[in-house]
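Working through the structure, step by step
Below, each chain spelled out in residue letters.
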Amino acid sequence: MSTLINPTTGLELDASPDSASLEDADAVIARAHDTFPAWRDVAPGERARLLRAFAAVVDEHLEELAQLEVLNAGHTIGNARWEAGNVRDCLNYYSAAPERLFGRQIPVAGGTDVTFHEPLGVVGIIVPWNFPMPIAAWGFAPALAAGNTVVLKPAELTPLTAIRIAELALEAGLPEGVLNVIPGKGSVVGERFVTHPLVRKVCFTGSTTVGKQIMAGCADQVKRVTLELGGKSANIVFADTDVAAAAASAPYAVFDNAGQDCCARSRILVQRSAYDEFVGRLETAVKTLRVLDPADERSEMGPLVSAGQRDSVQAYLDGATVAFTGSAPDGPGWWLPPTVVESTDTSEPVWREEVFGPVVAVMAFDDEDEAVALANDTEYGLSGSIFTADVGRALRVARRVEAGNLSVNSHSSVRYWTPFGGYKQSGLGRELGPDAPHAFTEEKNVFIAH
Ligand code: NAP
Ligand code: MG
């Protein structure tokens, strides 16, 4: 049993889900394996119908799921509703995949050649605590659509919504054993997904350190693996842009979810001639950010997920020179104010490392080449933003920044119908978008002699 804490109050929650042992995990993996042939053989139209029914049941429970995430993870109620809606939308989007998972017919001499996309079997999904609902759905929706069964381990800190979603799947008519949620420790249940020979693929989202261990472990069985890891993304602001608009939007690109977002634009690069104006306007925007009880409809930022995460973020601030901060409630809970650091040295930890909290570092640059070089001076490469009025520059810079997800004159969040993933040590493979079901299949080629 693990004790769950409400991050807003620091008080224990009533719920305390059982933490699975190795034997429990093995039993669920065996059940998912036994269920696989029947699920694979469900007719495409029927699998599609079941996924749409699942989406509809999630939609009926959207408010319940959102409130659960406010309690368990401290997410603002506005964000939490978006997150539950994202689960529904992913299910609806990938419910269109079963009837469209077609292969190709390739011309050959002496016969016919066709390809098939065959499901893998049992897929293991390991989910972090920062976006418990969306990240779970980005894995299970396309995996199920492609005919796999799923074992899913939520983060120890935030298991409640995943447990509820698995119940809703049964309510919607998905057969027992198709979507299995196994709350437990990463070192026990997560590690078992890596070592168990019947788990054919691991989808991991979390820290780069653990991601590397998972990739190394999967090598032993040549197990398929998708990794979504950390980031240190740059928001590049050129002087030719609408500086007021860029400064007004910058806080939301890094302080959303209290900065606990792998896509957080936690480095802001500002062209020197606009630097003072930008930082002045950023200060106004940060000071007016509404850091409130996440259950309050007006709240734009809540607490950090745990005392440990708050301490880890605070340690970065202890070594940095803070320019200014916004506000945070006094009293209990794991709060930190949104914090801005002005950086001049790219070797500082706050500039280089993923802080994963409400901290942003701002630095000046002189020209386009320097902006691109600074943006790319990191082992990460997940996302980023480019603010400029010059469309040629926007495209030039977007092509040169080494990151998987860029937005121009905006900070677009992840869309389920476009591909998502990282360059360099931010990850391996892509999730979401139209091709995601293929990542949960083997392509098989069959030649038939005439
Ligand atoms: P983490 O250790 O990488 O945890 C992510 C998930 O992996 C959790 O479900 C965790 O289980 C599981 N896990 C941990 N060790 C494992 C292992 N040896 N084998 C298999 N699964 C394992 O991340 P964290 O400790 O929660 O956070 C640390 C830092 O990682 C953060 O400060 C942040 O920098 C980064 N992070 C990035 C993302 C992202 O979206 N890219 C998300 C979360 C964290 P438990 O819950 O039992 O630990
Ligand atoms: Mg960890």
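Residues numbered from 1 in each chain as written. Chains lettered and ligands numbered in written order. Predicted model: local features only at pLDDT ≥ 70, side-chain atom pairs only at ≥ 80, totals over all residues. Heavy atoms only, no water.

Details of a nonpolar patch on the surface
Using the following cut-off: Exposure above 30% relative accessible area and the lack of any salt bridge qualify a residue for a patch; like charges then connect within 9 Å, and the nonpolar side chains Val, Leu, Ile, Met, Phe, Trp and Tyr within 5 Å. Shrake-Rupley sampling with a 1.4 Å probe provides the accessible areas, and residues are treated as covered by the protein chains on show and by no other component. Whenever Lys or Arg places a side-chain nitrogen within 4 Å of a carboxyl oxygen from Asp or Glu, that contact is recorded as a salt bridge. Using a 1.4 Å probe on the protein chains alone, a residue whose accessible area is under 20% of its type maximum counts as buried, one over 50% counts as exposed, and one in between counts as partly exposed.
A contiguous nonpolar surface patch, about 230 Å² in accessible area, is contributed by I106, V108 and F447. What makes V108 partly exposed here is its relative accessible area of 35%.

Let's talk about the pattern of salt bridges
When the charged atoms of two side chains with opposite charge come close together, those side chains can pair. Just so we agree on the cut-off: Runs of H or I in DSSP of at least four residues are treated as helices and runs of E of at least two as strands, each being numbered from the N terminus.
Across all of its chains, the model carries 25 salt bridges by this definition. The partner of E176 in a salt bridge is R31, with the nearest N and O atoms 3.9 Å apart. You can see E176 sitting in the loop between α6 (160–171) and β5 (179–181) and its partner R31 sitting in helix α1 (residues 22–40), a full 145 residues away along the chain. Judged by its relative accessible area of 38%, R31 is partly exposed.

Here we look at the packing of aromatic side chains
Let me state the cut-off plainly: Here the aromatic set is Phe, Tyr and Trp, taking the six-membered ring for Trp, and pairing holds for ring centres within 6.5 Å; pairs whose planes are under 30 degrees apart are stacked, those over 60 apart are edge-to-face, and all others are tilted.
Counting across every chain of the model gives seven aromatic pairs. Taken together, a centroid distance of 5.8 Å and an interplanar angle of 15° make the contact between F54 and F140 stacked. Placement of F54 in helix α2 (residues 44–60) and of F140 in helix α5 (residues 132–145) is noted, with a sequence separation of 86 residues between them. With a relative accessible area of 0%, F54 lands in the buried category. Geometrically, the ring pair formed by W138 and F420 is edge-to-face, given 5.6 Å between the ring centres and 70° between the ring planes. Residue W138 is located in helix α5, and its partner F420 is located in the loop between β14 (405–408) and β15 (427–428); the two are separated by 282 residues in the primary sequence. Classification of W138 as buried rests on a relative accessible area of 8%.

Some words on the UniProt feature "domain: Aldehyde dehydrogenase" (unreviewed entry) in the protein
Under the convention used in this document: UniProt positions are given in the numbering used here, feature names are shortened, and annotations may be inferred rather than shown by experiment.
The positions that UniProt labels "domain: Aldehyde dehydrogenase" (unreviewed entry) are, in the present scheme, residues 4–446. With 40% helix and 17% strand, the stretch residues 4–446 has end C-alpha atoms that lie 51 Å from each other.

Section: empty space enclosed by the protein
Counted only if it meets this: Computed over the protein atoms alone on a 1 Å grid, cavities are sets of points where a 1.4 Å probe fits but cannot get out and pockets are open sets with protein on both sides within 12 Å along at least five of seven lines; a residue lines them when it has an atom within 4 Å of a point. Grid points are joined across faces, edges and corners, and a volume is the space filled by probe spheres set on the points. Put simply, Ala, Val, Leu, Ile, Met, Phe, Trp, Tyr, Cys and Pro go in the nonpolar bin, Asp, Glu, Lys and Arg in the charged bin, and everything else, Gly too, in the polar bin.
For the coordinates displayed, the defined rule picks out five cavities of 30 Å³ or more. Along the walls of the largest cavity sit 15 residues, with S233, A234, R267, A375 and S383 positioned nearest its centre. If you list the elements that add at least two residues to the lining of the largest cavity, you get α13 (368–376) and β13 (383–387). For the lining of the largest cavity, the per-class residue count stands at six nonpolar, six polar and three charged. Considering only enclosed or pocket space, the second largest cavity measures out at about 70 Å³ in volume.

Overview of helix α11 (residues 307–318)
Applicable threshold: By this rule, a helix spans an expected 1.5 Å times one less than how many residues it contains. By definition, the arc is the one covered by directions from the helix axis to the C-beta atoms. Contact criterion: two residues are considered in contact whenever any of their non-hydrogen atoms come within 4.5 Å of each other.
Under the 1.5 Å per step criterion, the end-to-end length of α11 is 16 Å for twelve residues, consistent within 8% with the ideal 16 Å. Among all positions of α11, only Q309, V313, Y316 and L317 are buried. One side of α11 holds all its buried residues, which, seen down the axis, span an arc of 100°. Turning to α11, the residues buried within the fold contact β10 (322–325), β11 (339–342), α12 (349–352) and β12 (359–365).

Quick look at the site of ligand 1
Defined as follows: Any residue with at least one heavy atom within 4 Å of a molecule or strand is counted as near it. Polar contacts here mean pairs of N or O atoms no more than 3.5 Å apart (in protein, one a potential hydrogen donor and the other a potential acceptor; neighbouring residues in sequence count only if both atoms are side-chain atoms). Occupancy of a cavity or pocket is assigned to a molecule whenever over half of its atoms lie within 2 Å of that pocket's grid points.
Neighbouring residues of ligand 1: 28 residues in total, closest W129, E156, G186, S207 and L229. Between ligand 1 and N130, the relevant distance is 3.2 Å, taken from an oxygen atom to a side-chain nitrogen or oxygen of the residue. The fraction of the free accessible surface of ligand 1 (860 Å²) that becomes covered by protein chains is 82%. The pocket occupied by ligand 1, as judged from atoms lying within 2 Å of grid points, is the largest pocket. Counting residues per element, the ones that place at least two in the shell around ligand 1 are α7 (186–195), β6 (199–205) and α8 (208–219). Taken together, the residues that form the shell around ligand 1 break down as twelve nonpolar, ten polar and six charged.

Side note on the side chain of S407
Along the chain, S407 falls in strand β14. Residue S407 is classed as buried on the basis of its relative accessible area of 4%. Here R265 takes part through its side chain, which lies 3.1 Å from a polar atom of the side chain of S407. A polar contact of 3.3 Å, which involves the side chain of S407, links it to the backbone nitrogen of S412. For S407, the contacting residues outside a window of four places in its chain are R265, G384, S385, I386 and S412.

A short note on the nonpolar core
Test applied: Throughout, nonpolar core names a set of buried Ala, Val, Leu, Ile, Met, Phe, Trp, Tyr and Cys residues whose side chains join them through atoms within 4.5 Å.
In this structure, F54, L91, F140 and L144 are the most contacted members of the largest nonpolar core, which totals 53 residues. If you list the elements that add at least two residues to this core, you get α2, α3 (62–73), α4 (77–94), β3 (122–126), α5, β4 (149–153) and α6. In terms of residue count, α5 provides more of this core than any other element does, ten residues in total. When near neighbours in sequence (up to four residues on either side) are disregarded, F54 contacts L91, F140, I165, L168, A169, A172, L174 and L179. Residues V270, F278, L282 and A320 belong to the second largest nonpolar core, which totals 38 residues.

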